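Descriptive analysis of the structure
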Amino acid sequence: MTGHEKGVPMQQLVRDKRMDPEQRMRLDAAIHRQGQGWMTGRDGGRPWQLSRTNRVVACLGALMILLMISPLLIGLALAIKFTSKGPVMFVQKRTGYRGRKFGMYKFRTMVANAEELKESLRHLNKHGADAIDFKIDQDPRITGIGGFLRRTSLDELPNLINVVTGDMRLVGPRPTSFNAYRYKDSHLARLAIYPGMTGLWQISGRSNIDFDQRVELDLSYIAEQSLLLDLKILLKTPFKVFSGHGAS
């Protein structure tokens, strides 16, 4: 979960499917095409996370979850609306598959002018003032209800909309708020698959680890990706999330 929030108008959320040749070369050099199909094991096939089966299962699963938790979503929306000024949800630009930008849906957990306050708080960044990740313990911009939503990760439930639209999957690397141009070459390989709502990061320490360690976990997931691994991660995620371990 990022340490800042910045909503963007819907009309600005046009996917970045083009990038300059130099950046495309960096990506191509870092992202190695997965060599084996997830079912047949044959070279040149689609890996599990990029398979059509994963896309369909993730979409249907997200739709079913949205239907089941709709009363909870309405309750959370009302709680946010009546306890702080600003919109209930916001759409934040995130970096996804192959560096493409997309708008990720989340419940608002910070004050409306959180982005304007960011630079004045950069010295409190737990990863260092110049770190690529930005996160503050006891962030003063977080609202009362926002703190609860973050500890339980309920603020991320609207990500299910992104799973339905195809920008995300249920399991995969967490999308970053900074774009691929800021990635080190050693980070770019995490963009070889679609971002996910949960992953090895969430069940292995969550926000208590830095970005380099997150990348290590992402690359481990990419190397081992399978339907069985996704099921294990999905089953473990609720226990980690609702314990509040590593959340901020």
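Residues numbered from 1 in each chain as written. Predicted model: local features only at pLDDT ≥ 70, side-chain atom pairs only at ≥ 80, totals over all residues. Heavy atoms only, no water.

The chain is annotated in an unreviewed UniProt entry as Sugar transferase from Pseudomonas glycinae. The UniProt entry for the chain carries the following comment under Sequence similarities (unreviewed entry): "Belongs to the bacterial sugar transferase family." (UniProt positions renumbered as here; feature names shortened; annotations may be inferred.)

**As for the environment of Thr176**
Within the element layout of this structure, Thr176 appears in the loop between β3 (169-171) and β4 (196-198). For the pair formed by Thr176 and Thr95, sequence separation is 81 residues and the distance between their alpha carbons is 5.4 Å. When sequence neighbours within four positions are dropped, the list of residues in contact with Thr176 reads Lys93, Arg94, Thr95, Tyr183, Arg190, Phe211 and Arg214. Within the local environment of Thr176, its side chain forms a polar contact with the backbone oxygen of Phe178, the two atoms lying 2.9 Å apart. (Helix = DSSP H or I, 4+ residues; strand = E, 2+ residues; numbered from the N terminus. Contact = heavy atoms within 4.5 Å. Polar contact = N/O pair within 3.5 Å; in protein donor to acceptor, adjacent residues only side chain to side chain.)

**Examining the UniProt feature "transmembrane region" (unreviewed entry) in the chain**
Here the UniProt-annotated "transmembrane region" (unreviewed entry) positions come out as residues 56-80. Here residues 56-80 is 96% helix and 0% strand, with 32 Å between the C-alpha atoms at its ends.

**Structural notes on the nonpolar core**
With 41 residues, the main nonpolar core has Phe107, Val163, Leu170, Leu188, Leu191, Tyr221 and Ile233 as its most contacted residues. Leu191 has contacts with Leu27, Ile31, Thr95, Gly96, Tyr97, Arg98, Gly99, Ala180 and Tyr183, leaving out every residue within four places of it along the chain. (Core = buried A, V, L, I, M, F, W, Y, C linked by side-chain atoms within 4.5 Å. Buried < 20%, exposed > 50% of the residue type's maximum accessible area, 1.4 Å probe, protein only.)

**Quick look at the pairing of strand β1 (residues 89-95)**
With 5 of its 7 residues buried, β1 lies for the most part within the structure. In this sheet, strand β2 (residues 101-107) lies alongside β1 in antiparallel orientation, the contact comprising 7 bridges. Bridge pairing in β2 links Val91 to Tyr105. Two successive antiparallel strands, β1 and β2, enclose a turn made up of 5 residues, where Arg98 displays a positive phi of approximately 55 degrees. (Pairing = 2+ DSSP bridges.)

**Quick word on the pattern of salt bridges**
All chains considered together, the criterion is met by 5 salt bridges. For Arg174, the salt bridge is made with Glu156, and the minimal N-O distance between the two is 3.6 Å. Taken as a pair, Arg174 in the loop between β3 and β4 and Glu156 in the loop between α5 (144-152) and α6 (159-165) lie far apart in primary sequence, 18 residues in all. Pair check on accessibility: Arg174 and Glu156 agree, each one buried. (Salt bridge = Lys/Arg side-chain N within 4 Å of Asp/Glu carboxyl O.)

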